[in-house]
Number of protein chains: 2
Amino acid sequence: MQDIYIHGGAMTPFGRHTGVLAPELAQQAILQALDDAGLRPADIQAIYCANVLGGMILGQLIVRDLGFGGIPVYNVENACASGATGVHLARHALLAGQYDTVLVFGIEQLTALGGGTIPMQRNDHKTDLYAKAGMVLPAVYAMRGTRFLHERGASRADLAEVAVKNRHNGSLNPFAQQRTATTVEEVLASRMIADPLTLLQCCPSQVDGAAALVVGTKRPARHRPVKVLASVVVSGLREQADDDILDAEITARAARQAYEQAGLGPEDVDVVELHDAFTIAELLYYEALGLAPHGEAVGLLKSGATRLGGRVPVNPSGGLLAKGHPLGATGVAQMVEILWHLQERAGARQVANARVGLTQCTGGGIAGVDHAASSVHLLGV
Amino acid sequence: MQDIYIHGGAMTPFGRHTGVLAPELAQQAILQALDDAGLRPADIQAIYCANVLGGMILGQLIVRDLGFGGIPVYNVENACASGATGVHLARHALLAGQYDTVLVFGIEQLTALGGGTIPMQRNDHKTDLYAKAGMVLPAVYAMRGTRFLHERGASRADLAEVAVKNRHNGSLNPFAQQRTATTVEEVLASRMIADPLTLLQCCPSQVDGAAALVVGTKRPARHRPVKVLASVVVSGLREQADDDILDAEITARAARQAYEQAGLGPEDVDVVELHDAFTIAELLYYEALGLAPHGEAVGLLKSGATRLGGRVPVNPSGGLLAKGHPLGATGVAQMVEILWHLQERAGARQVANARVGLTQCTGGGIAGVDHAASSVHLLGV
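All of these numbers come straight from a predicted model, not from anything done at the bench.

Peer 1: Quick rundown of the overall build of chain A? Include the residues and the values.
Peer 2: Broken down by element type, chain A carries 13 helices and eleven strands. For 381 residues, the compact-globule estimate of 2.2 N^0.38 gives 21 Å, and chain A sits close to it at 19 Å. Overall, the C-alpha framework of chain A stretches about 55 × 45 × 35 Å when taken along its three principal axes. Counting over 381 residues, chain A shows a buried share of 67%. Taking contacts inside chain A between residues at least 6 apart in sequence as the whole, the part at least 24 apart equals 77%.

Here you go:
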């Protein structure tokens, strides 16, 4: 099959960009990604804009003054998996021979909307009553956390350890919104959001950010060539299995398909950026992604394998917990982070000798939005 | 190149569906399209949902109870070109060999939002001031209309003739929202919206509707096989050229690319569904699509060639003027209409012996949304 390469990538720092309009934020990431790829706008043949809440025909607005000419712009939305879906659709077109070089970017300015959970509650869906009754995302993950503590004999400190690990990584990452390392005690003492999840166990949703990738079929000359080894998007009724809220079924399915597509297994993965919107999510995804056997998530965490310097560092960027989660940008930024690790340009948080990286985003799947999308990508050198 | 076939199509009647939720409306079209194709949900490998204003992860919500399983759902937005963009992206994946049978549907429930132009004014774009100052779509097209009357020596009655033609066609179409034929006198006497455009020269925007197509690589057995001969999406700063608001440049560019892709010319087209959001638009698109030479739009209209029974009937469905314009649904519904004509099942409005049909949607491109998308498709037997 045709090789698909990542030619360059960039992201803005995630954080409160209140003096900047969303299009300008995206433009920064786009121009930097082009520069990183050593390409000009005229080299790009199509553009995929990933965004959740920004409104009509946003991609065209963002690129209109950047000199791209009249190439197609596709606006893509798939909740938290929007950015990854953009890359996935770009890959289809590249495999079909429609283009040889395309741009994918993700953008979200949640601070302009009052934060991430508020506009989601405004959706005119028939299931909206759940959200109005309080089933917003922290509540949904809190129920999983409670079940996890009960079933697995895990402690609140085990959950907090995820935040400690990722916030340590975030302290090394100039692109993260929250760059303060923390301790288990601080995490547990922070304000309760939805028991057992305290404030420092929830990703910031008052955050803006953009990320961009140039993807194509030509072997890049500028940096160490990184290929898209697998690209999977699936959907489902919700994030968890019907009979077990600890089984992140849709994510496990996406991961199985991705490993099969690449001819690799979890043991081949050297670095992971996964969707730790809440601490409990990271533990559930360890198992869904095959990084730990069923029931062994806490054991994997405690072994230190997923820390920087461990066997398979997870969320060296700080993850959503430290970086913040500007919805459309997140999936693209995860791949930019992996790109940097595979090319040995991840700075203080560099994972040594990484050859294969995995990204995962899973969106929707809550009671108030009772249907989900999940995406898993494998990148490799 | 791999042939891409349309296996089946359906649409709901366009109109006020106030007792029905948007997902239910879309489900009707989806299930009817599957039935038309003789396929079950399990035969579908991916789903493309075209929608402009419906909110997050809408496609997954709509299909969740229909038995599709966990296949990917891609939510696509490209203003008025959303539905056509859905078909375009589906074709990429089919050409890439990722799937052999996919579903594309479009849905919009504008009545739940107060009508089409209101939510558009809510976009948090920096150009929003234009819309707030009155540059909503009727005003933009009115300026083109005024310029057209001045430059072309056309009369108000010429503009009105477009409405008379399309509303006659709509009177034959059970799927149209407004099914009353009219006269030039009635059109000109109807309420002035934005001079020279009277009410009957504007498409209804208080309208709901859905349309669905099954598209794939296998040669269909059930109906006369219809192929996608060309599929083009382009973008640009605005709908018109910088120095001539009567030059629908972006649409002309999409059309040129489509004819080249199919190896056909305007003279090969037997039936057209084009984006007559306002009467003036149809005249401008005659020239942009190459149906008439520059300056000859009114001549083409007056010759009767674009009427039912003429050489190349345009908008046999009644067009947006009679059908209404539920944004995401429109582009898909245009292709369903052409499908029916090519398969001789268009009822009282059937275009005889049609072998090649063209659809065109162009969205954005107004002052308040100063960037545009245009899509042209050619379908043929």
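Peer 1: Which residues make up helix H6 (residues 137–152) of chain A, and what are the values?
Peer 2: The end-to-end C-alpha separation of H6 of chain A is 22 Å, in line with the 22 Å expected for 16 residues at 1.5 Å each. When we look at burial in H6 of chain A, the residues that qualify are Leu137, Pro138, Ala139, Val140, Tyr141, Ala142, Arg144, Gly145, Phe148 and Leu149 of chain A.

Peer 1: Kindly report on the domain arrangement of chain A, identifying the contributing residues and their values.
Peer 2: All names here are of chain A. The assigned domain composition of chain A is domain 1 (5–115 + 210–216) and domain 2 (123–202 + 223–380). Taking only C-alpha atoms into account, the centre of domain 1 sits 23 Å from that of domain 2. At the interface, 38 residues of domain 1 touch 38 residues of domain 2. Among the residues domain 1 hides against domain 2, the three largest losses belong to Met11, Phe14 and Cys80. Together they make up 27% of the total. At the junction of domain 1 with domain 2, the criterion picks out one salt bridge. Across the pair Arg345 and Asp36 runs a salt bridge whose closest N-O atoms are separated by 2.7 Å. Of all the elements in the fold, those that place two or more residues in the side of domain 1 that touches domain 2 are strand S1 (5–11), helix H3 (82–95), strand S4 (101–109) and strand S7 (208–216). Considered class by class, the residues forming the side of domain 1 that touches domain 2 number 22 nonpolar, twelve polar and four charged.

Peer 1: Can you tell me about the environment of Gln360 of chain B, naming the residues and giving the values?
Peer 2: Residues and elements named next belong to chain B. Tracing the chain through its elements places Gln360 in strand S10 (residues 356–366). What makes Gln360 buried here is its relative accessible area of 0%. In sequence terms Gln360 and Leu289 are 71 residues apart; their C-alpha atoms lie 8.7 Å from each other. With residues up to four places along the chain from it excluded, the contact list for Gln360 reads Thr251, Glu273, Leu274, His275, Tyr285, Leu289, Gln334, Ser375 and Val376.

Peer 1: Please set out the pairing of strand S3 (residues 73–77) of chain B residue by residue, giving values where relevant.
Peer 2: The side chains of a regular strand alternate, residue by residue, between the two faces of the sheet. Of all five residues in S3 of chain B, five are buried, a share of seventy percent or more. Residues of S3 of chain B alternate between two faces, with Val73, Asn75 and Glu77 of chain B on one and Tyr74 and Val76 of chain B on the opposite face, all of them buried. Across three bridges, the pairing between strand S3 (residues 73–77) of chain A and S3 of chain B is antiparallel. Across the sheet, the residue bridging to Glu77 of chain A is Asn75 of chain B, located in S3 of chain B. As for the winding sense of the linkage, the β-α-β connection from strand S2 (residues 46–50) of chain B through helix H2 (residues 58–63) of chain B to S3 of chain B is right-handed.

Peer 1: Can you tell me about the pattern of salt bridges, naming the residues and giving the values?
Peer 2: A complete count under the given rule lists 24 salt bridges over all chains for this structure. When the shortest N-O distance is used, the salt bridge between Asp100 of chain A and Lys218 of chain A registers 3.9 Å. Residue Asp100 of chain A is found in the loop between H3 and S4, and its partner Lys218 of chain A is found in the loop between S7 and strand S8 (226–236); the two are separated by 118 residues along the sequence. Residue Lys218 of chain A is classed as partly exposed on the basis of its relative accessible area of 49%. Notably, a salt bridge pairs Arg40 of chain B with Asp43 of chain B, separated by 3.4 Å at the nearest N-O pair.

Peer 1: Give a detailed account of unusual backbone geometry, specifying residues and quantitative values.
Peer 2: All names here are of chain A. Residues Asp195 and Pro196 are joined by a peptide bond in cis, for which omega reads 10°. Inspection of the secondary structure assignment puts Pro196 in the loop between strand S5 (192–194) and strand S6 (197–198). Non-glycine residue Asn353 carries a positive phi angle of around 60°. Note that Asn353 resides in the loop between helix H13 (327–342) and strand S10 (356–366).

Peer 1: Run through the interface of chain A and chain B, naming residues and quoting values.
Peer 2: Of the residues lining the interface, 52 residues belong to chain A; the matching set on chain B comes to 52 residues. Those elements giving two or more residues to the side of chain A that touches chain B turn out to be helix H2 (58–63), S3, H3, S8, S10 and strand S11 (369–380) of chain A. The element contributing the most residues to the side of chain A that touches chain B is H3 of chain A, with seven residues. The residue makeup of the side of chain A that touches chain B, split by class, is 27 nonpolar, 18 polar and seven charged.

Peer 1: Let's hear about the relation of the copies chain A and chain B: which residues, and what values?
Peer 2: At an RMSD of 0.0 Å, chain A and chain B line up after a rotation of 180° and a shift of 0.0 Å along the axis. Overall, the copies show the geometry of a two-fold rotation axis. Identified as the residue of chain A closest to the rotation axis by C-alpha distance is Ala96 of chain A, at 2.0 Å. Same-surface contact between copies: 100% of interface residues of chain A are shared with the interface of chain B.

Peer 1: Break down the packing of H6 of chain A against helix H10 (residues 279–288) of chain A for me, with residues and values.
Peer 2: Residues and elements named next belong to chain A. Running from N to C, H6 and H10 point in directions that differ by 60°, and their axes come no closer than 9 Å. In this view, H6 runs oblique relative to H10, as classed from their interaxial angle. For H6 against H10, the interelement crossing comes out left-handed. Touching Tyr141, Arg144, Gly145, Phe148 and Arg152 of H6 are Ile280, Ala281, Leu283, Leu284, Tyr285 and Glu287, all from H10. For the contact of H6 with H10, a count of residues per class yields seven nonpolar, one polar and three charged.

Rules used in this analysis
- Residues numbered from 1 in each chain as written.
- Chains lettered and ligands numbered in written order.
- Predicted model: local features only at pLDDT ≥ 70, side-chain atom pairs only at ≥ 80, totals over all residues.
- Heavy atoms only, no water.
- Helix = DSSP H or I, 4+ residues; strand = E, 2+ residues; numbered from the N terminus.
- Rg over C-alpha atoms; globule rule 2.2 N^0.38 Å.
- Buried < 20%, exposed > 50% of the residue type's maximum accessible area, 1.4 Å probe, protein only.
- Contact = heavy atoms within 4.5 Å.
- Expected span 1.5 Å × (residues − 1).
- Domains from an automatic or database assignment.
- Buried area = accessible area lost by both parts, 1.4 Å probe.
- Salt bridge = Lys/Arg side-chain N within 4 Å of Asp/Glu carboxyl O.
- Nonpolar A, V, L, I, M, F, W, Y, C, P; charged D, E, K, R; others polar.
- Pairing = 2+ DSSP bridges.
- Right-handed = clockwise from strand over helix to strand, strands pointing away.
- Least-squares fit on C-alpha atoms with pLDDT ≥ 70 in both.
- Axes fitted to C-alpha atoms, helices over the stretch in contact; angles between N-to-C directions.
- Parallel < 35°, antiparallel > 145°, perpendicular 65-115°, else oblique.
- Left-handed = near helix turned anticlockwise from the far one by under 90°.

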